[in-house]
Amino acid sequence: EDILKSALTRHRWRFATEQQQLSLLTAAPTGRYAYAYQLPTSPELLQLITLTVNDFVIPYERYGDKVYLDNYGSTSTVICDYIFRQDEGEFPPHFILALQYQLASLFAGSIARDSGMIKQFADMAERQYLVAKNIDSSERTTKTLDVTRFKTLRNSG
């Protein structure tokens with residue numbers, strides 16, 4: 001389970017990324033921050049990616065199962081993007097293969113005690129994680145570069 005959770009937090013996997021609105025806690029933080037929000041517990045949060053208000057990324061500090069903020073109180077809708085512990089049935093094949101190679105390298109060490117086999121499977125796992133990241137990263141709309149300021153600069157002179 002630890003190896004799986006570690007693999008899920010290696011990259012912002014699209015299949016294991018979730019968004020949730022956070023709940024403002026009534027008790028204020030002890031110090032330094034004005035507001036406390038409860039982090040999601042279901043599905044299990046493995047890694048906090050970002051917090052946004054009106055699609056703008058906001059500064060925060062994480063303390064245990066809470067995040068602390070300034071300037072975003074009861075009138076703000078705070079959205080959390082995070083990596084969660086996805087069910088194995090939802091894993092895509094490219095991720096499964098990388099995880100299998102990583103586990104094989106661990107088993108090669110504990111069962112076969114063959115350093116060559118450990119290295120071979122570890123290398124195969126790293127290569128497959130790169131392939132998996134490449135495939136996974138393509139599962140979103142391609143961002144376009146805003147060239148307005150370059151056009152303005154070019155046309156000004």
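Our subject is the structure listed above.
Because the structure is predicted, anything quoted here is derived from the model rather than measured.

To continue, consider the packing of helix α2 (residues 93-112) against helix α3 (residues 115-137). Running from N to C, α2 and α3 cross one another at 165°; their axes reach a closest spacing of 8 Å. Between α2 and α3, the angle is such that the two are roughly antiparallel. Read as a crossing pair, α2 and α3 show a hand that is left-handed. Two secondary-structure elements touch here, α2 through His94, Phe95, Leu97, Ala98, Leu99, Tyr101, Gln102, Ala104, Ser105, Ala108, Gly109 and Ala112 and α3 through Met117, Ile118, Phe121, Ala122, Met124, Ala125, Gln128, Tyr129, Ala132, Ile135 and Asp136. Within the contact of α2 with α3, the residues separate by chemical class into 17 nonpolar, five polar and one charged.

A few words on the sheet that holds strand β8 (residues 78-84). On the basis of which strands lie adjacent, the open sheet formed by four strands has the order β1-β8-β4-β5 and antiparallel pairing. Both outer strands of the open sheet, β1 (17-21) and β5 (56-57), are each paired with one neighbouring strand and no more. Where strand β4 (residues 45-53) lies against β5, two bridges are found, and the strand directions are antiparallel. Counterpart to Thr52 in the pairing with β5 is Val57.

Another aspect to go through is the side chain of Thr52. For Thr52, the location among the structural elements is in strand β4. By relative accessible area, Thr52 is classed as buried at 14%. Excluding residues within four positions of it along the chain, Thr52 makes contact with Val57, Ile58, Thr77, Val78 and Ile79.

This part covers unusual backbone geometry. With an omega dihedral of 0°, the bond running from Ser42 to Pro43 counts as a cis peptide bond. Mapped onto the secondary structure, Pro43 falls in the loop between β3 (35-38) and β4. You will see that Asn54, though not glycine, has its phi angle at about 50°, which is positive. Inspection of the secondary structure assignment puts Asn54 in the loop between β4 and β5. You can call Asn54 exposed: its relative accessible area is 62%. Phi at Asn71 takes a positive value of approximately 70°, unusual for a residue other than glycine.

This part is about the packing of aromatic side chains. Scanning the entire structure with this criterion turns up ten aromatic pairs. Each ring, one from Tyr33 and one from Tyr68, has its centre 6.0 Å from the other, and the planes form 45°; the classification is tilted. Taken as a pair, Tyr33 in the loop between β2 (23-24) and β3 and Tyr68 in strand β7 (residues 66-69) lie far apart in primary sequence, 35 residues in all. Of the residues examined, Tyr68 reaches a relative accessible area of 16% and is grouped as buried. Look at Phe91 and Phe95: their rings are 5.1 Å apart centre to centre, the planes differ by 75°, and that puts the pair in the edge-to-face class. Owing to a relative accessible area of 9%, Phe91 belongs among the buried residues under this scheme. Residue Phe95 is classed as buried on the basis of its relative accessible area, which comes to 0%. These aromatic residues form a ring-pair network of at least three members: Trp13, Phe15, Phe91, Phe95 and Tyr129.

Calculation rules
- Residues numbered from 1 in each chain as written.
- Predicted model: local features only at pLDDT ≥ 70, side-chain atom pairs only at ≥ 80, totals over all residues.
- Heavy atoms only, no water.
- Axes fitted to C-alpha atoms, helices over the stretch in contact; angles between N-to-C directions.
- Helix = DSSP H or I, 4+ residues; strand = E, 2+ residues; numbered from the N terminus.
- Parallel < 35°, antiparallel > 145°, perpendicular 65-115°, else oblique.
- Left-handed = near helix turned anticlockwise from the far one by under 90°.
- Contact = heavy atoms within 4.5 Å.
- Nonpolar A, V, L, I, M, F, W, Y, C, P; charged D, E, K, R; others polar.
- Pairing = 2+ DSSP bridges.
- Buried < 20%, exposed > 50% of the residue type's maximum accessible area, 1.4 Å probe, protein only.
- Phe/Tyr/Trp six-rings, centres within 6.5 Å; stacked < 30°, edge-to-face > 60°.

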